[in-house]
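Residues per chain are reported as follows:
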Amino acid sequence: MNGSASAPLIEVKDLGVRLNTSRGPAQAVRGVSFSLRRGETLGLVGESGCGKSVTALALMGLLPDSAVVSGSIRLEGSELVGLLDARYCKLRGNRISMIFQEPMTALNPMHTIGRQVAEPLRRHTGCATGEARKQAIALLDRVGLPDAARRVDAYPHQFSGGQRQRITIAMALACQPDVLIADEPTTALDVTIQGQILDLIADLVEERGMSMILISHDLGVIAENVQRMMVMYGGTVVESGETNAVFTRMGHPYTQGLFRARPKLGARKGTRLTTIAGTVPELADLPAGCTFADRCGIVVERCRTALPPAVDVGAGHGVRCIRTDVSMASAPRAGA
Amino acid sequence: MSAPLTIPADAPPLTPGARPATGFWRRALRHRSFVLGAALSLLVLGSALLSLLWTPWSAYDIDIASKLRPPSAAHWLGTDVLGRDIVSLLLVGARSTIMVGVIAVGIGLTFGVCLGLIAAARKGWTEELIMRLSDFTFAFPAVLSAIMLAAVAGPGMLTSITAIGIFQIPTFVRVTRGSANAIWAREFVLAARAAGKGTFRITIEHVLPNILSILIVQATIQFALAILAEAALSYLGLGTQPPQPSWGRMLNDAQTLLFQSPMLAVYPGAAIAIAVLGLNLLGDGLRDLLDPRLARER
């Protein structure tokens, strides 16, 4: 808690995760590296199965036992990869917390919400039941649950999706964690509620000086909520950098494709949405070269021989592509 | 724009903390098989309790002079070959039946649920070992294991209870592990792990409460099976030993007189049928009542 402001709070180096699936071992995450200082926010964007959630679960130490994690994850200098589960339990919910995608299923239907919010407090701070309950009410109040004091003894099914997501946020924040991982926190919610929840998370992150890793498949959500971003594809980070820098000069053909594929307001009726041709490669059967090669418009033979290195195209803006000269010449720009 | 929707000031307040099971008893009383099952089960339980306080005649006193009497005002259902009052025998027999059922299901439930929860929580070779062991146990019918146990420890109530109890374990292991695995896959368990809870606490606080209703239903069904097994073992002379009355023994005694006084076999048979039917209906009813999805389909 006393690290200097510039020392990274969480530092991930060359993270790799191999999952054992029914179709054989799958390299779900390869060579992911990033570091996050206190108060910084990072976005992970990519389509389903690109390794975003696996990366998050690896940070939480919640991957199945059969998964093989390589590389290093350091929280204030101490290594988390290979940490005993009993020691990891002391970190989870206490120093690293997570908000899940499905608020409808992330709460136990058998317990009152007050008990579920108070639980991490009782576990990690050893505070008494009455005190934990008081804090739980304060937390529920802070996350904007109406009439928190009266509804603290209600059960999850008595709340709407948006309210339940507020409750899971209260649970995640109970012990004032240093790092908050939000895995698609608004995907299951209405668009109007999405904005409210994201604003709430942003306020809380700022108010409590947390670092946040926001996972989303929605470029708009990423653009508005995080300082830095990483675009993932096929288990690798294909582009990373300051959010502004990435959106101003998209370097990777995949990022550009994602951006072009977003629905646009004011498009003429009958206009088809732009798509990226092809499908995501099987993680169990990844190509030798660039994972995006099969769907890329500017692919050359050299792309298929080896995984391209990350090329620096600006201050801290890395692109894992060997043809940035071509791709960036025709890059779409945010706002265009 | 239409007028904004408002809640009238006199709207009833939402009851905070109302359980999902609100109106359980109201729904239960409307559920025919539950009511019938509960009534029959209570009849058997009531007979057993009554026998502790009062029986028309002593169930142990032999009165050869008045053997094989037809039903009369003194002996409502007549007497057996040793002159014992049938009603008294049935009442006291209910006691053995319930005792064997409760203890045997208790053994099966305790060990079976613990092992099932461990199997679901630990996975890997622990799960494999527990499941294969329970398959092994399951391969022996209760009667066979009772005969083996009786050969070692001698026949008796304790032997039959132990044998039936052991026979019940694998069923509970399977039911527990199957439903616990389903709970482990739910997102709220992942959320609980993300909140720093260990395997043990998740099992106790999240998994067990969520599979409890399944276990309750299974226990009533297993209770019925235990009663049948006890009757079968007593009939074979491996269960409750004389002079302790038991329905299975009464059947055995009646067997030799089947042509002379067939009703002697009908009474204990009917008693066993009532107990088993009652518990099965009760289990069915509980399953419907505790599972909201099934309840709605009715």
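The rules we used
- Residues numbered from 1 in each chain as written.
- Chains lettered and ligands numbered in written order.
- Predicted model: local features only at pLDDT ≥ 70, side-chain atom pairs only at ≥ 80, totals over all residues.
- UniProt positions renumbered as here; feature names shortened; annotations may be inferred.
- Helix = DSSP H or I, 4+ residues; strand = E, 2+ residues; numbered from the N terminus.
- Rg over C-alpha atoms; globule rule 2.2 N^0.38 Å.
- Buried ≥ 20, exposed ≤ 12 C-beta atoms within 10 Å, placed from the backbone.
- Contact = placed C-beta atoms within 7 Å.
- Pairing = 2+ DSSP bridges.
- Axes fitted to C-alpha atoms, helices over the stretch in contact; angles between N-to-C directions.
- Core = buried A, V, L, I, M, F, W, Y, C linked by C-beta atoms within 7 Å.
- Domains from an automatic or database assignment.
- Expected span 1.5 Å × (residues − 1).
- Nonpolar A, V, L, I, M, F, W, Y, C, P; charged D, E, K, R; others polar.

- As annotated in an unreviewed UniProt entry, chain B carries the name Glutathione transport system permease protein GsiD and is attributed to Bradyrhizobium ivorense.
- Per its UniProt entry, chain B bears the Subcellular location (unreviewed entry) comment "Cell membrane".
- Of the comments in the UniProt record for chain B, the one headed Sequence similarities (unreviewed entry) reads "Belongs to the binding-protein-dependent transport system permease family."

- In the annotation of an unreviewed UniProt entry, chain A is listed under the name ABC transporter ATP-binding protein and assigned to Bradyrhizobium ivorense.
- Per UniProt, chain A carries the Subcellular location (unreviewed entry) text "Cell inner membrane".
- Word for word, the UniProt comment on chain A under Sequence similarities (unreviewed entry) is "Belongs to the ABC transporter superfamily."

### Description of the overall build of chain A
(1) Moving on: The number of helices and strands found in chain A is 11 helices and 12 strands.
(2) Moving on: Here the C-alpha atoms of chain A give a radius of gyration of 21 Å, agreeing with the 20 Å that 2.2 N^0.38 yields for 336 residues.
(3) Moving on: Dimensions of chain A, computed from C-alpha atoms along their principal axes, come out at roughly 65 × 50 × 45 Å.
(4) Moving on: Going through the 336 residues of chain A one by one, you find that 46% of them count as buried.
(5) Moving on: Put simply, of all contacts in chain A between residues at least 6 apart along the chain, 64% involve residues at least 24 apart.

### Here's the deal with the UniProt feature "domain: ABC transmembrane type-1" (unreviewed entry) in chain B
(1) Moving on: UniProt feature "domain: ABC transmembrane type-1" (unreviewed entry): in the numbering of this structure it lies at residues 94-283 of chain B.
(2) Moving on: As a span, residues 94-283 of chain B carries 84% helix and 0% strand, and end to end its C-alpha atoms are 19 Å apart.

### Re the sheet that holds strand S1 (residues 10-21) of chain A
Residues and elements named next belong to chain A.
(1) Moving on: Read from one edge to the other, the open sheet built from 4 strands follows the order S2-S1-S4-S5, with strand pairing classed as antiparallel. Here the strands that pair on one side only, and so sit at the sheet edges, are strand S2 (24-36) and strand S5 (78-79).
(2) Moving on: Across 2 bridges, strand S4 (residues 68-75) lies against S5 in antiparallel orientation. Bridging across to S5, Arg 74 finds its partner in Glu 79.
(3) Moving on: The strands touched by helix H1 (residues 52-60) within the sheet are S1, S2 and S4, with S2 carrying the most contacts at an inclination of about 70°.

### Considerations on the nonpolar core
Inside soluble globular proteins, nonpolar side chains tend to come together where they are buried.
(1) Moving on: Counting residues in hydrophobic clusters, the biggest one holds 161 residues, and the most contacted among them are Val117(A), Leu140(A), Ala170(A), Ile181(A), Val231(A), Ile164(B) and Ala226(B).
(2) Moving on: Among the elements that line this core, the one with the most residues is helix H3 (residues 86-122) of chain B, at 18 residues.
(3) Moving on: Two domains each put at least three residues into this core: domain 1 (10-233) and domain 2 (240-264 + 288-330) of chain A.
(4) Moving on: Look past the residues within four positions of Val117(A) in its chain and what remains in contact with it is Ala136(A), Leu139(A), Leu140(A), Ile167(A), Ala170(A), Met171(A) and Ala174(A).

### Some remarks on helix H5 (residues 142-153) of chain B
(1) Moving on: The end-to-end C-alpha distance of H5(B), which contains 12 residues, comes to 16 Å, matching closely the 16 Å that a straight helix rising 1.5 Å per residue would cover.
(2) Moving on: Within two residues after H5(B), Gly154(B) carries a phi angle of roughly 85°, on the positive side.

### A word on the sheet that holds strand S7 (residues 179-183) of chain A
To summarise the sheet geometry, strands pair through backbone hydrogen bonds and adopt either a parallel or an antiparallel arrangement.
All names here are of chain A.
(1) Moving on: On the basis of which strands lie adjacent, the open sheet formed by 8 strands has the order S6-S7-S8-S3-S9-S10-S12-S11 and mixed pairing. The open sheet has two edge strands, strand S6 (96-99) and strand S11 (311-314), and neither has a second partner. The mean inter-strand angle of the sheet, taken between neighbouring strand axes irrespective of direction, is 20°.
(2) Moving on: Summarising the sheet, strand S3 (residues 41-45) and strand S8 (residues 211-216) pair through 5 bridges and their orientation is parallel. Counted as the bridge partner of Leu 44 is Ile 215 from S8.
(3) Moving on: Along the sheet, helix H6 (residues 161-173) makes contact with S6 and S7, crossing S6 at roughly 175°.

### Quick look at the UniProt feature "domain: ABC transporter" (unreviewed entry) in chain A
(1) Moving on: UniProt records the feature "domain: ABC transporter" (unreviewed entry) at residues 10-259 of chain A, using the numbering of this structure.
(2) Moving on: What you have in residues 10-259 of chain A is 39% helix and 27% strand, and the ends, taken at the C-alpha atoms, are 29 Å apart.

### Some words on the UniProt feature "transmembrane region" (unreviewed entry) in chain B
Residues and elements named next belong to chain B.
(1) Moving on: This chain's UniProt record puts "transmembrane region" (unreviewed entry) on residues 34-54, 98-121, 133-152, 211-237 and 257-283.
(2) Moving on: For the annotated span residues 133-152, helix accounts for 85% and strand for 0% of the residues, and the straight-line distance between the end C-alpha atoms is 22 Å.
(3) Moving on: Annotated as 93% helix and 0% strand, the span residues 211-237 places its first and last C-alpha atoms 38 Å apart.

### Considerations on the domain arrangement of chain A
Residues and elements named next belong to chain A.
(1) Moving on: If you check the domain split of chain A, you get domain 1 (10-233) and domain 2 (240-264 + 288-330).
(2) Moving on: Domain 1 puts 11 residues into the contact, and the matching count from domain 2 is 14 residues.
(3) Moving on: Elements with a contribution of two residues or more to the side of domain 1 that touches domain 2: helix H8 (219-225) and strand S9 (228-233).
(4) Moving on: In terms of residue count, S9 provides more of the side of domain 1 that touches domain 2 than any other element does, 5 residues in total.

### Focus: the pairing of S9(A)
All names here are of chain A.
(1) Moving on: In terms of burial, S9 is a largely internal element, 6 of the 6 residues being buried.
(2) Moving on: Burial along S9 is two-sided: the face carrying Arg 228, Met 230 and Met 232 and the face carrying Met 229, Val 231 and Tyr 233 are both buried.
(3) Moving on: Bridge count for S3 against S9 is 4 bridges, and the pairing is parallel. Within S9, the residue paired with Val 45 across the bridge is Val 231.
(4) Moving on: As judged from the 6 bridges shared by S9 and strand S10 (residues 236-242), these two strands associate in the antiparallel manner. Looking at the pairing, Met 232 lines up with Val 237 of S10.
(5) Moving on: Where S9 folds back onto S10 in an antiparallel hairpin, the turn is made up of 2 residues, including Gly 234, whose phi is positive at roughly 55°.

### Structural notes on the interface of chain B and chain A
(1) Moving on: Between chain B and chain A, the contact holds 17 residues from the first and 30 residues from the second.
(2) Moving on: Of all elements in the fold, only helix H7 (187-194) and helix H8 (199-235) of chain B reach the threshold of two or more residues within the side of chain B that touches chain A.
(3) Moving on: The element that contributes the greatest number of residues to the side of chain B that touches chain A is H7(B), accounting for 6 residues.
(4) Moving on: Residues that form the side of chain B that touches chain A fall into these classes: 8 nonpolar, 5 polar and 4 charged.

### As for the environment of Phe111(B)
(1) Moving on: Relative to the assigned elements, Phe111(B) resides in helix H3.
(2) Moving on: A sequence separation of 33 residues divides Phe111(B) from Leu144(B), and the C-alpha atoms of the two residues are 20 Å apart.

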